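Structure at a glance
If you want the building blocks of each chain, they are given just below.
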Amino acid sequence: MLAFFGYPVAKNFAMAFQKYTTSTFYTGEAPWVGLANYQAVVTSSLFSKAMLNTVLFTVGSIAGQFVIGLALAVFFRRRFPLSGLLRSLLLLPWLIPLIVSGAVWRWILDKDNGALNRFLDAVHLAPGHPGWLTSTSLALVAVILVNIWIGIPFNSTILYGGLQDIPEELYEAAALDGATGWKSFRYVTWPLLRPVVSVVLVLGVVYTIKVLDLILGLTNGGPANATETIATQSYHLSFQQFDFGQGAALSNILIAISLLFAVFYLHANRRAVDE
């Protein structure tokens with residue numbers, strides 16, 4: 001943990017206060033610049049756009065993954081023929097390497113020869129071949145939808161496991177009191193599932209806010225920075241412009257946002273449970 005997690009985090013934190021470039025690897029010289037890297041990235045013209053995209057991408061992805069994942073978990077709580085097989089198939093998007101998923105979805109969403117546009121054109125739903133990954137108004141939506149598809153298995157699996165821990169006797173007792181259907185979910189399922197929901201949402205946000213490979217594989221942050229996030233901006237600064245100090249500063253901002261959200265949400269959830 002110290003070698004593969006602790007050291008990189010500490011090194012990244014230190015680099016954010018240094019002028020760290022490719023020459024540093026040869027000379028070992030990385031002058032101390034204080035908060036200059038943070039000031040540069042925060043005041044850049046791209047930062048506000050990347051921050052907004054990060055918020056939209058995270059909120060949209062988490063909302064879609066959680067709602068659909070919860071619906072599937074509740075659906076599969078009842079056993080029916082082939083339910084086990086279908087639950088296994090749900091894991092496929094999660095098990096496929098992201099680089100493969102990105103390549104497949106890039107082909108599906110291709111403007112001219114993509115399977116989606118061919119299908120929509122055949123059923124006369126979207127003539128004109130929309131540019132899902134090339135339009136500034138559609139690219140972020142398309143990336144969010146792909147990320148939702150990837151994240152549904154994680155949400156449904158964890159939530160399904162949480163549902164299995166709820167005693168069936170509670171539903172039977174609630175049914176005797178007239179709490180069935182939606183009332184059963186509201187007064188029995190949801191209160192007992194809240195601890196699992198907390199874990200799913202916190203892990204989901206921490207993971208989603210730093211998604212990089214999927215966006216790079218689909219749009220590389222384009223078109224015209226329409227899908228540029230803090231994570232992709234950090235990557236471009238570090239490995240395309242080789243300004244490792246500013247890239248590290250953006251990474252530290254992401255870490256701080258993740259920690260603040262986790263602490264705030266867990267504290268708010270604990271207060272709600274105590275009340």
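Shown above is the structure to which this text applies.
Since this is a predicted model, take the numbers as computed values, not measurements.

A separate point is the overall build of the chain. Counting its secondary structure elements, the chain contains 14 helices and zero strands. If you list the helices and strands of the chain from N to C, you get α-α-α-α-α-α-α-α-α-α-α-α-α-α. When each of the 275 residues of the chain is scored for burial, the buried share is 41%. For the chain, contacts bridging at least 24 residues in sequence account for 66% of all contacts bridging at least 6. Looking at the chain as shown, the accessible area adds up to about 15,800 Å², and 68% of this sits on carbon and sulfur atoms.

Taking 1.5 Å of rise per residue, 26 residues should cover 38 Å, and helix α9 (residues 139-164) covers 38 Å from first to last C-alpha, within 8% of that figure. Taking the largest bend as the criterion, α9 deviates by roughly 40°, centred on Gly-151, and proline Pro-153 comes between one and four positions later. In terms of burial, α9 is a largely internal element, 19 of the 26 residues being buried.

Tracing the chain through its elements places Leu-140 in helix α9. Counting along the chain gives 38 residues from Leu-140 to Gly-178, while the straight-line C-alpha distance between them is 45 Å.

Take the nonpolar core next. Among the nonpolar cores identified, the biggest contains 21 residues, and Phe-57, Trp-105, Leu-109, Val-146, Leu-214 and Leu-218 are the most heavily contacted of them. Looking at this core, the elements with two or more residues in it are α7 (98-108), α9 and α12 (213-218). Counting residues per element, this core draws most heavily on α9, at eight residues. Contact partners of Val-146, with chain neighbours within four places excluded, come to Trp-105, Leu-109, Leu-214 and Leu-218.

Taken together, the side chains of Leu-82, Leu-85, Leu-86, Leu-89, Leu-92, Trp-94, Leu-95, Ile-96, Ile-99, Val-100, Val-104 and Trp-107 make up a nonpolar region of the molecular surface, amounting to roughly 1,200 Å² of accessible area. Locating Leu-95 in the fold gives a position in helix α6 (residues 92-95).

Among the 10 residues of helix α13 (residues 230-239), eight are classified as buried, and the element is accordingly described as predominantly covered. Turning to α13, its buried residues number three or more, namely Ile-230, Ala-231, Thr-232, Gln-233, Ser-234, His-236, Leu-237 and Ser-238.

Here the focus is the side chain of Asn-12. Residue position: Asn-12 is located in helix α1 (residues 2-15). The residues touching Asn-12, leaving out its near neighbours within four places in the chain, are Ala-248, Ser-251 and Asn-252.

This next bit is on the packing of helix α10 (residues 168-176) against helix α11 (residues 182-208). Relative orientation of the contacting elements α10 and α11 amounts to 155°, with a least axis distance of 10 Å. The orientation of α10 with respect to α11, classified from their angle, is roughly antiparallel. For α10 against α11, the interelement crossing comes out right-handed. Counted together, Leu-170, Tyr-171 and Ala-174 of α10 and Ser-184, Val-188, Thr-189 and Leu-192 of α11 form the full contact between these two elements.

Basis of the calculations
Residues numbered from 1 in each chain as written. Predicted model: local features only at pLDDT ≥ 70, side-chain atom pairs only at ≥ 80, totals over all residues. Heavy atoms only, no water. Helix = DSSP H or I, 4+ residues; strand = E, 2+ residues; numbered from the N terminus. Buried < 20%, exposed > 50% of the residue type's maximum accessible area, 1.4 Å probe, protein only. Contact = heavy atoms within 4.5 Å. Areas by Shrake-Rupley, 256 points an atom, 1.4 Å probe, with all protein chains shown as cover. Expected span 1.5 Å × (residues − 1). Bend = angle between axes of the 7 residues up to and from the residue. Core = buried A, V, L, I, M, F, W, Y, C linked by side-chain atoms within 4.5 Å. Patch = residues over 30% accessible without salt bridge, like charges linked within 9 Å, V, L, I, M, F, W, Y side chains within 5 Å. Salt bridge = Lys/Arg side-chain N within 4 Å of Asp/Glu carboxyl O. Axes fitted to C-alpha atoms, helices over the stretch in contact; angles between N-to-C directions. Parallel < 35°, antiparallel > 145°, perpendicular 65-115°, else oblique. Left-handed = near helix turned anticlockwise from the far one by under 90°.

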